[in-house]
Every structure is written in structure tokens, then in C-alpha cells.
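# Tertiary structure, described
Here's the letter readout for the chains.
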Amino acid sequence: MSFLICLAALFFLMGIAYRGFSVILFAPVAAMGAVLLTDPSAVPTLFSGLFMEKLVGFLKLYFPVFLLGAVFGKLIEISGFARSIVGAVTGLLGEGRAIVAIVLVGAILTYGGVSLFVAVFAVYPFAAELFRRSNIPKRLIPGTIALGAFTFTMDTLPGTPQIQNIIPASFFKTDAYAAPWLGIIGALFVFCTGVAYLEWRRRRAGNEGYGEGHANEPQAVEDKVVIHPGVAILPLLIVGIGNKLLLAWITGAYGEQASAALTPEMAANPITVPIKTVAAIWAVQGALLLGILATVILGFRNLADRFSEGSKAAVAGSLLAGMNTATEYGFGAVIAALPGFKVISDALSKIPNPLINEAVTVNVLAGVTGSASGGLSIALGALSGRFVEAAQAAGIPLEVMHRVAAMASGGMDTLPHNGAVITLLAVTGLTHRQSYGDIFAITIIKTVAVFVVIGVYYGTGLV
């Protein structure tokens, strides 16, 4: 029964999200409904002590990233920088390569360390401009951004700084560059197959065109000054490079813990923050601030009359995106606390092959929680000892276990209730009905890639 309650909550929220209802409203309904069916007396306790704690904790850490990312993306749009870069890309690759261009822009940002949530805000203005120029249906934009930002640069390419590639390192005593050959092979598979699928969808659309009457369209305004592409790309480079430099500086300057006491009274009990949990977030925030400052300075003449309204729209968008994702985070935490969730994880542990066991377990738990990092943390936190023992008994390097776990987390996590998916659709102004089919196809490709990599390892021994 407990197993069915978990599934019912999951499918209810997936259905609600797909039909376009607000997950901010229905995620707590789904989570507390599952608790009600399990133990009615626990509903108020788990709502305040778990759901709201996780929701608030997520916003505490990540809302500034959502806010600054939205402002940065909006400034890139209204300053004319997006149009300038799109024009240069179109001239370089040709209008027929619009999909590849957007995938590469997203990949460069996320592999450079920019959060995938930030990448959504930053890439969308480029995608909208380029797809409109190339007469490609807007409904293909979410799938294209997802391929560039949510897949091979998130957890497949060796060295990616995204959290999904960092989590396994602490469990397997590896590093971000674990199993580089398998990671590169997996990334090429996802990129080539994903682009081929999206190009097939573009051809299938025929003469449909970009479409009219869309929501959240970038503003079509006349620029006072035409921005050179070399200038327009500088803020993006500043964000990517600044993120890396600031991360190194923060960890070196603060050490294990940052503390502050502004008055003598506070000296006995200063405010402290563990650097390990916030260093990457502070680095991204600082890099985005530098990117925003650079955009304002370099595009001031175009921004002077547009900043007020543009920043208001960005703030509104960041609030919606942040709350959507935070409520999903709370939902996943409640589901993971249900008895049925343990039934699922225990059943998955019966799969005999170590790599397939790990891949399926992480994939399923990420799908149930609607979070790649959440499902990965839960799976490795509970089962990493078992995975290590099985790998050592089978002679499988832990680097391979790292790569398979990371890649599996980014497979079926992107079901309709996933926070990043909901954020992507909200930012692009599209619905699940319009665009989720393409996101799901990319999800399937990413899931298949995990088993392709496992097959390559067993067939060749490459690591």
C-alpha cells in the first residue's frame, strides 16, 4: 500500500504539471495527500518540519541565483547583445544551424560553471531571436535548451563543475574527471543523437514558422547603438571565467568556515557559514553581478530607458521560477521520507549487475523525487557502501561507478514535475502540452546514454 501511495502522489503531480496547473499550489497538496494516507497525524508536522523547511532552505540558498540570473538574461536581451550575438552566429554557421548554435551556447555556459537555471534565463533571448530569424517553431526551444544545458554538460563530460558530477566524488573518493573516456563517449552520443532528433522535428514542422501570439517574448525594440558581437559576448565570458576565479578565491580566502561579528556583543556568538555549502553559490552570484555590471556599462545607451521595466519583468520571472523549483524540492523530500520510498529503493537493490543496479536505482529515485541531485544524494547516501562492495567484487573501477551514477541522475529526473523543466517552460512562455514531448525525447536519449556507456565499458574496458 505504501508503495502505491508514493506512485499515486508522483503521477498526480506529473498530471497536474502537464495540464498546466500551478505546482506551487499542488506540490504541497500531492505531498500532504500522501502523508495523509500514510499517517494522518503526521500531516502538520511534516508540512512545517519537512516540506516547508526544504522549500525555505532551497530559496535561502538559490533564490539570489534565480534573481540575478533572470536580471542578467533580461539585460542581455534588452541591451541588444542577444541580437548581436545571434547575428554573428547566423553569419558563421548559417541560419540552418540555429539548433546546433543554441545547444552549443547552453553547453558552453554550463560547462563553464554557470548553473543550468541561470543558463535558461541567459540562453532564452538568444534562442528566441535566432529561431525567429530562422523561421523555426518556438515550441522547439525548450527541447533545444534542455539538450545544451541539462544533459551532457551537467553530468557526462569529465570535469564539469555541476553539482551532479560533484556529489559522487565524496562517496567513491574520485574527482570530477572520473572515467574521462566514458564521459566523452557518452557526451558525443547525447549531443549527436539529440541534435539529430531536434533537426528531424524541425523538418517535420514544415512551413509552420516561429508562430504568433506567444507569451514571454523578448522585446522587439530599436537599438540606439548597434553592439559589436565581440563586445556583446564579453558579459558571457565574464560570467563563465568569473565563476571559476571567484570559486578558487572564496575557498582559499575563507577556508572551512566564514564568520562575522559586527558588534562586540556578537563576538561571543558570531554569524557563521560553512564554506563548503555556499562557495559555489557565492561564486555564481558574484560572477552574475560582474556580468550584470559589464552589460550595464557596455550597453548603457540602449539600457538607459529600458532598465526599469525590464528589471521588473526579470524579478517577477525569478520569483515564479524559484518558487516552482522550491516547492518541487519540498515535494521530493516528503516523498523520500515515506515508507513506500524505502520499498522502492530496496526492490531496486536486488538487480545483480553492479553498474546496471546503480544506473537503474539512481535513475528511478531521481525520477520519483523530480530532482537529479536529490535522487543521486538519496541513492548514494543510502546505498553507496553496497555499490562500492559490489564494484570491488566485480573488479569495476570506482571511477566508472562515479560516471554511471552521475549520468543516471540526469536521466529520468526530467519528468513533467521536475523543477528545472517547469522553470524552463515558465521562462520560455510555453506549456507542457506544447513542448514537453521534445524534452521527454531528450530525457530518453540521456537515459539510453547511460546504458551505452555501460556497454562500452564492458565491451572495451575503457575508463
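Let me sum up the structure you'll find in this document. Note that this is a predicted model, so its numbers are computed, not measured. (Residues numbered from 1 in each chain as written. Predicted model: local features only at pLDDT ≥ 70, side-chain atom pairs only at ≥ 80, totals over all residues. Heavy atoms only, no water.)

### Here we look at the overall build of the protein chain
Short version of the rule: Helical segments are the DSSP runs of H or I of at least four residues, strand segments are the runs of E of at least two, and each set is numbered from the N terminus. Restricting the calculation to C-alpha atoms gives the radius of gyration, and the globule rule supplies 2.2 Å times the number of residues raised to the power 0.38. To sort residues, take the accessible area from a 1.4 Å probe on protein chains only and compare it with the maximum for the residue type: under 20% means buried, over 50% means exposed, and anything in between is partly exposed. Residue burial considers only the protein chains on display, and all accessible areas are found by Shrake-Rupley using a 1.4 Å probe. Lys and Arg are tallied as positive, Asp and Glu as negative. Neither His nor the chain termini are counted. Charged side chains are reduced to one point each, which is NZ for Lys, CZ for Arg, CG for Asp and CD for Glu.
Looking only at helices and strands, the protein chain features 21 helices and two strands. Its C-alpha atoms give the protein chain a radius of gyration of 22 Å, near enough to 23 Å, the size a compact globule of 463 residues would have. The proportion of buried residues among the 463 residues of the protein chain is 54%. Carbon and sulfur atoms form 67% of the exposed surface of the protein chain, whose accessible area is close to 19,200 Å². Between the mean site of the 27 positive side-chain charges and the mean site of the 24 negative ones, the protein chain shows a separation of 4 Å.

### Quick word on the environment of threonine 414
The criterion, for reference: Working rule for contacts: check all heavy atoms of both residues, and any pair within 4.5 Å makes them a contact. We call two N or O atoms a polar contact when they sit within 3.5 Å, provided that within protein one can donate a hydrogen and the other can accept it, with sequence-adjacent residues counted only if both atoms are side-chain atoms.
Mapped onto the fold, threonine 414 is located in the loop between helix H19 (398-409) and helix H20 (419-428). Taking relative accessible area as the criterion, threonine 414 reaches 8% and is therefore assigned buried. Setting aside residues no more than four positions away along its own chain, threonine 414 makes contact with Val421, Tyr436 and Thr443. In terms of polar contacts, threonine 414 uses its side chain to reach the backbone carbonyl oxygen of glycine 411, at 3.4 Å.

### Some points on the pattern of salt bridges
We apply this condition: What counts as a salt bridge is simple: a side-chain nitrogen of Lys or Arg found within 4 Å of a carboxyl oxygen of Asp or Glu.
Taken as a whole, this structure holds nine salt bridges when the rule is applied. Where aspartate 438 meets arginine 201, a salt bridge forms, and the shortest distance between an N and an O atom there is 2.7 Å. Of this pair, aspartate 438 sits in helix H21 (residues 432-460) while arginine 201 sits in helix H10 (residues 180-204); the two residues are 237 residues apart in sequence, bridging distant segments of the chain. One salt-bridge network, in which partners are shared between bridges, spans Glu129, Arg132, Arg133, Lys138 and Glu217.

### Quick word on the packing of helix H5 (residues 98-111) against helix H7 (residues 141-149)
Rules: Axis definition: a line fitted to C-alpha atoms, over the contacting stretch in the case of helices. Angles run 0 to 180 degrees between N-to-C directions. Every angle not falling under 35 degrees, over 145, or within 65 to 115 is termed oblique; those three ranges are roughly parallel, roughly antiparallel and roughly perpendicular. Crossings are assigned a handedness: left-handed for a near helix turned anticlockwise from the far helix by less than a right angle, right-handed for a clockwise turn. Lys, Arg, Asp and Glu make up the charged group, whereas Ala, Val, Leu, Ile, Met, Phe, Trp, Tyr, Cys and Pro make up the nonpolar group; the residues left over, Gly among them, are polar.
H7 packs onto H5 with a crossing angle of 40 degrees between their chain directions and a minimal axis gap of 7 Å. Overall, the two elements H5 and H7 adopt an arrangement that is oblique. Judged by the twist between their axes, the crossing of H5 over H7 is right-handed. Facing Ile99, Ile102, Val103, Gly106, Ala107 and Thr110 of H5, the residues of H7 in contact are Thr144, Ile145, Leu147, Gly148 and Ala149. Considering only residue class, the contact of H5 with H7 consists of seven nonpolar, four polar and no charged.

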